[in-house]
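The primary structure of each chain is shown beneath.
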Amino acid sequence: KQTITNLITQVNGECINFVDKPVELSDIRRAVDLYRPEIIVIDHLGLVKVNPRQSRFEAIGGLSRGIKQMALEKNIAVLEVVQMNRDIERRASKEPQLADLRESGDIEQDADGVFFMTTNRNGLEGGLTGGQAWDSTLYIKKNRHGRTGTVSLRWQPQYHSISEVETRYACG
């Protein structure tokens, strides 16, 4: 039986590598040098090993800067998945804010874009079937290369599918 750590698959002729063990920034750099990807996805940033002698805030900030520097040096895109803090649960407005990024403000500072996704389960709990979907919203809170705003989405986890909701505008 093959583990995901050793899994290399072909999707549309492209090689995808999965690593499901704790890694350090140096491990990520080595993998980038070896495989030369166009994009890397780090799911999630808080699981990357950092210097235990630093505060968590400083360590995550240093990691964020290191990843940004690597992305610029290697000319690759990096998608970092990070946790939000719990402040949103205590606010009347449930719209995510940049301050909701957990563990370090450096994540926001280093990022070219910051996106949050929320889901309204519409009273549909458990597994969805057929054409059922949850309403979701993508909040574009930071975008160095474009506009910010919101996008309405339709999420069908049973099909691993997220699509933009068509918006119709009234004339006149």
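These numbers were taken from a predicted model, which means no experiment stands behind them.

A. Molecular detail of the packing of aromatic side chains. Under the definition given, this model contains one aromatic pair. Their ring planes at 65° and their centres at 5.2 Å tell us that Trp134 and Trp155 sit as a pair that is edge-to-face. Linking Trp134 in strand β6 (residues 134–143) with Trp155 in strand β7 (residues 149–156), this pair joins segments that are 21 residues apart in sequence. The exposure class assigned to Trp134 is buried, which follows from its relative accessible area of 4%.

B. Region of interest: the confidence of the model for the protein chain. Confidence in the prediction for the protein chain averages 85 pLDDT; 88% of positions are at 70 or higher. Note on residues 1–7: pLDDT under 50 across the span, and eight contacts to partners over four residues away in sequence or across chains.

C. Representation of the environment of Val32 within the structure. One can find Val32 in helix α1 (residues 25–35). Spatially, the C-alpha atoms of Val32 and Lys74 are 8.0 Å apart, while their sequence positions differ by 42 residues.

D. Spatial organisation of the side chain of Ser136. In this fold, Ser136 is placed in strand β6. Polar contacts involving the side chain of Ser136 include one to the side chain of Thr119, which spans 3.1 Å. Sequence-distant contacts of Ser136, that is, excluding residues within four places in its chain, are made with Met117, Thr118, Thr119, Val151, Ser152, Leu153 and Trp155.

E. Examining the pairing of strand β4 (residues 77–81) more closely. Of the strand pairs in this sheet, strand β3 (residues 39–43) and β4 are connected by five bridges, and their pairing is parallel. Each residue of the ladder has a partner; that of Asp43, found in β4, is Val81. In this view, the connection linking β3 to its parallel neighbour β4 by way of helix α2 (residues 56–74) has right-handed handedness.

F. Quick peek at α2. Spanning 19 residues, α2 covers 27 Å between terminal C-alpha atoms, matching the ideal 27 Å at 1.5 Å per step. Every buried residue of α2 is accounted for by Ala59, Ile60, Gly61, Leu63, Ser64, Gly66, Ile67, Met70 and Ala71. On the buried face of α2, the contacting elements are α1, β3, β4 and α4 (106–110). Asn75 occupies a position one or two residues after α2 and carries a positive phi of about 55°.

G. Examining the sheet that holds β7 more closely. Reading across from one edge, β5-β6-β7-β8 is the order of the four strands in this open sheet, with antiparallel pairing throughout. At either end of the open sheet lies a strand with only one pairing partner, and these are β5 (113–120) and β8 (161–164). Each neighbouring strand pair of the sheet contributes to a mean axis angle of 30°, computed without reference to strand direction. Across eight bridges, the pairing between β5 and β6 is antiparallel. Within the sheet, the bridge partner assigned to Thr119 lies in β6 and is Ser136.

About the cut-offs
Residues numbered from 1 in each chain as written. Predicted model: local features only at pLDDT ≥ 70, side-chain atom pairs only at ≥ 80, totals over all residues. Heavy atoms only, no water. Phe/Tyr/Trp six-rings, centres within 6.5 Å; stacked < 30°, edge-to-face > 60°. Helix = DSSP H or I, 4+ residues; strand = E, 2+ residues; numbered from the N terminus. Buried < 20%, exposed > 50% of the residue type's maximum accessible area, 1.4 Å probe, protein only. pLDDT = per-residue confidence, 0-100. Contact = heavy atoms within 4.5 Å. Polar contact = N/O pair within 3.5 Å; in protein donor to acceptor, adjacent residues only side chain to side chain. Pairing = 2+ DSSP bridges. Right-handed = clockwise from strand over helix to strand, strands pointing away. Expected span 1.5 Å × (residues − 1). Axes fitted to C-alpha atoms, helices over the stretch in contact; angles between N-to-C directions.

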